[in-house]
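A structural walkthrough
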Amino acid sequence: MSQRKGVRSIQEFVSLLRREGELVEVSAPVDSHLEVAEIHRRIIDQQGPALLFSNVKGCDFPLVTNLFGTTRRVDLAFGGYPEKLMREVAALPHTLVPPTLPRVWGHRRTLLDLARVGIKRKRFDPSYTIDQPARLSRIPLLQLWPEDGGHFITLPLVYTEHPKTKIHNLGMYRIQRYDDETTGLHCQIGKGGGFHLAAAKEMGVPLQVNISVGGPPALILSAIAPLPENVPELLFASFVLGERLPVMENPLGPHPVFETAEFTLVGEVHPEETRPEGPFGDHYGYYSLKHDYPVFRCRGVIRRPGAIYPATVVGKPRQEDFFIGEYLQRLMSPVFPLVMPQVLDLWSYGETGFHSLAAAVVQERYSRECLTAAFRILGEGQLSLTKFLLLVDKRMDLTDIRAVLSYILERADFAKDLAIFSNTAMDTLDYAGPRVNHGSKGVLVGVGHAIRELPRRFEGSLPACLRKAAVFCPGCLVVQGDSYAQSKDLPSQLVKADSLRQWPLIVLVDDVDAATATPSAFLWTTFTRFEPAADIQAAMTTVHRNHVAFTPPVTIDARMKPWYPKEVESDSDTSHLVDQRWREYFPTV
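A few points on the structure. (Residues numbered from 1 in each chain as written. Predicted model: local features only at pLDDT ≥ 70, side-chain atom pairs only at ≥ 80, totals over all residues. Heavy atoms only, no water.)

**Some words on the overall build of the protein chain**
Counting its regular elements, the protein chain contains 19 helices and 28 strands. In terms of overall dimensions, the protein chain is globule-like: its C-alpha atoms have a radius of gyration of 25 Å, near the 25 Å expected for 589 residues. For the protein chain, the C-alpha atoms occupy an extent of roughly 75 × 70 × 55 Å along the three principal directions. Across the 589 residues that make up the protein chain, the buried fraction comes to 59%. Sequence-distant contacts, at least 24 apart, represent 73% of the contacts inside the protein chain between residues at least 6 apart. Averaged over its 64 positive side-chain charges, the protein chain has a centre that lies 5 Å from the centre of its 67 negative ones. (Helix = DSSP H or I, 4+ residues; strand = E, 2+ residues; numbered from the N terminus. Rg over C-alpha atoms; globule rule 2.2 N^0.38 Å. Buried < 20%, exposed > 50% of the residue type's maximum accessible area, 1.4 Å probe, protein only. Contact = heavy atoms within 4.5 Å. Lys, Arg positive; Asp, Glu negative; His and termini not counted. Charge placed at Lys NZ, Arg CZ, Asp CG, Glu CD.)

So this is what it looks like as structure tokens:
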């Protein structure tokens, strides 16, 4: 990979993609209501190019989507420089300490690179346009799914500062447009912006907010990165960018404006003012439901000359967020052992929405050291939202879920190696728990020598309560029976069936063929549709020293429950429209 630095703006990225043959312009008129999103989904499914829509009905600006829809385009966005620098920084404790003059000289290039990290402050550029009133309907925000509550900013960079300490936060919280001057702000309670909002509420003051769209892709990465709470996102963005991050004075408010942002919405949130926000078809592949969230009141919009509005489309994996998340994990992996010494490697599965499942390679230098690593992971920033954690003690490709799961099932003593923690916080977008923001966590450990030989084929007769079964990997059998509404207690029957006793793990689903079609399908179906405390059953459970000990088979009930939100699906009218107009969009294909 080239060691070049990443792009500084969306406009620069669009130009690069055009030169690389990675962008197609759609000049036909298109509707931001469902039509653009349907076109985008078909193109990303084909691993197709980025799309520049130059004629969005009722809007004054071009729209670009699918910027990050392949690994190659992500690499073009960020270059090879950030990964190189991260590896060098991760090595410094071993190669620079204790510091000596020869060692410092040998690392001079890395140290000079680090000296460039920071903020570059500038005066406001008069070539930028200030729109007052804001007139947000001119900007081509998208409605992605038929039951969405409206049009949303899907790549928002939400900048806030703690009202007392002035420490900043940059987060990505979806923005629903209500009208030309107000939006919803989906600022979740466990995120930095949520902490700032709580502080403003306690102090009885409005929270000043900038919502930027565009700028260097490094800002997008920093907004979603699982950084420790005391690591400033703007410094991380500068690190990724490889130079000081340029910001300008803000003529409309107290917070700085990112110089290369395409649009910056400037305004404030009154903590006591809320309004229903949503529904929204999110990156879990389901609708997150309507809830009350803060209202953002926009004083005005600052826009760059030649502004292009960037958007993404979320839904069932894999979408653009998968490729960005994959790159982010690749970038951060060298520093995991520095931050968490017992953790040698860590992977969160984008196919599950990232927070639903993670796996880690940990050290087991003494008995149960693995649990120390588990607690550290589950207590680290955004990793604390992880719902289920798999632990192994052997270096392996953690993206290969079949290999990881088989390794664990060969070794797991379920009496001590499966731990469930009830009554914990849960990702706001995960509706598997008893109520929003509440749920449980699970940890499954597979370390040491193998203790069982795993079955690889299902032989014998299925219990009468089941209709179909398929092996996902050695030791894991996926089965299909009645729906949850028809047979809530079906898991308790499965774990007692003689023909299933040799299988340490059984996953109960609504559709075996769909769930086992690919590893991605298995991950999405299984881990977005169960809550550890409610949906795990075993052949026998006992309590020893206040620990619940499980005897396999262990069953995960991954059927859709009546209270779960609906899966996102395209509507037939939009699908038919896009079928009919496909040659208008792409006349040369």
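**Points about empty space enclosed by the protein**
With the rule as written, the count across this model stands at five cavities of 30 Å³ or more. Counted as a void, the largest cavity has a volume near 100 Å³. The wall of the largest cavity is formed by Asp282, Tyr284, Tyr286, Tyr287, Leu429, Asp430, Tyr431, Ala432, Thr528, Tyr564 and Pro565. Taken as a whole, the second largest cavity spans an internal volume of roughly 80 Å³. The wall of the second largest cavity is formed by Phe388, Leu390, Leu405, Phe414, Leu418, Leu444, Leu505, Phe527, Ile536, Val554 and Ile556. Split into classes, the residues belonging to the lining of the second largest cavity amount to eleven nonpolar, no polar and no charged. (1 Å grid on protein atoms, 1.4 Å probe; cavity = no way out; pocket = protein on both sides within 12 Å on 5 of 7 lines; lining within 4 Å. Points joined across faces, edges and corners; volume = space filled by probe spheres on them. Nonpolar A, V, L, I, M, F, W, Y, C, P; charged D, E, K, R; others polar.)

**Some thoughts on the side chain of Ser406**
Relative to the elements of secondary structure, Ser406 occurs in helix H13 (residues 401–411). At 2.9 Å, the side chain of Ser406 and the backbone oxygen of Arg402 are in polar contact. With sequence-adjacent residues up to four places away left out, Ser406 is seen in contact with Leu454, Cys473 and Pro474. (Polar contact = N/O pair within 3.5 Å; in protein donor to acceptor, adjacent residues only side chain to side chain.)

**Here's the deal with the nonpolar core**
In this structure, Phe13, Leu67, Phe258 and Leu391 are the most contacted members of the largest nonpolar core, which totals 68 residues. For this core, the element with the highest residue contribution is helix H10 (residues 320–332), accounting for seven residues. Every residue in contact with Leu391, bar those within four places of it in the chain, is listed here: Ala360, Val362, Cys370, Ala374, Ile408, Val443, Leu444, Val445 and Gly446. In this structure, Val30, Phe280, Ala307 and Phe586 belong to the second largest nonpolar core, which totals 50 residues. (Core = buried A, V, L, I, M, F, W, Y, C linked by side-chain atoms within 4.5 Å.)

**Some points on helix H7 (residues 192–203)**
When the terminal C-alpha atoms of H7 are compared, their 17 Å separation across twelve residues agrees well with the 16 Å that a helix rising 1.5 Å per residue should span. Residues Gly192, Gly193, Gly194, His196, Leu197, Ala199 and Ala200 constitute the buried set of H7. The inward-facing, buried residues of H7 contact strand E7 (157–161), strand E8 (168–171), strand E11 (207–214), strand E14 (261–277) and strand E17 (291–303). Taken from the residues just after H7, Gly204 is the one with a positive phi, measuring 70 degrees. (Expected span 1.5 Å × (residues − 1).)

**Points about the environment of Leu221**
By secondary structure assignment, the location of Leu221 is in helix H8 (residues 217–224). For Leu221, a relative accessible area of 0% puts it in the buried group.

**Considerations on the sheet that holds strand E23 (residues 438–446)**
Sheet architecture is open: five strands sit in the order E19-E20-E21-E23-E22, paired in mixed fashion. Unpaired on one side and paired on the other, strand E19 (343–348) and strand E22 (418–425) mark the two borders of the sheet. Neighbour to neighbour, the strand axes of the sheet diverge by 20 degrees on average, direction disregarded. Pairing of E19 with strand E20 (residues 357–362) involves five bridges; the strand directions are antiparallel. Pairing of Asp345 across the sheet is with Val361, part of E20. (Pairing = 2+ DSSP bridges. Axes fitted to C-alpha atoms, helices over the stretch in contact; angles between N-to-C directions.)

**Concerning the packing of helix H4 (residues 81–95) against helix H6 (residues 108–115)**
At a minimum axis separation of 10 Å, H4 and H6 run at an interaxial angle of 110 degrees. Put simply, H4 runs roughly perpendicular to H6. Seen from above, H4 lies across H6 with left-handed handedness. Mapping the contact onto sequence places Tyr81, Leu85, Glu88, Val89 and Leu92 in H4 and Thr110, Asp113 and Leu114 in H6. Residues that form the contact of H4 with H6 fall into these classes: five nonpolar, one polar and two charged. (Parallel < 35°, antiparallel > 145°, perpendicular 65-115°, else oblique. Left-handed = near helix turned anticlockwise from the far one by under 90°.)

**A look at the pattern of salt bridges**
Summed over the entire model, instances satisfying the criterion amount to 38 salt bridges. Where Asp535 meets Lys561, a salt bridge forms, and the shortest distance between an N and an O atom there is 3.7 Å. Placement of the pair is Asp535 in helix H18 (residues 532–535) and Lys561 in the loop between strand E28 (547–557) and helix H19 (572–585), with a sequence separation of 26 residues. For Asp535, a relative accessible area of 7% puts it in the buried group. Among the charged side chains, a salt-bridge network with shared partners connects Glu20, Glu22, Arg72 and Arg73. (Salt bridge = Lys/Arg side-chain N within 4 Å of Asp/Glu carboxyl O.)

**Describing the sheet that holds E28**
Taken in spatial order, the five strands of this open sheet run E24-E25-E26-E28-E27, and their pairing is mixed. Each having just a single partner strand, strand E24 (466–473) and strand E27 (536–544) make up the two edges of the open sheet. Taking the axes of each pair of neighbouring strands and ignoring which way they run, one obtains an average angle of 25 degrees across the sheet. Here E24 runs beside strand E25 (residues 476–481); their pairing, made up of six bridges, is antiparallel. Bridging from a neighbouring strand, Leu466 pairs with Gly481 of E25.

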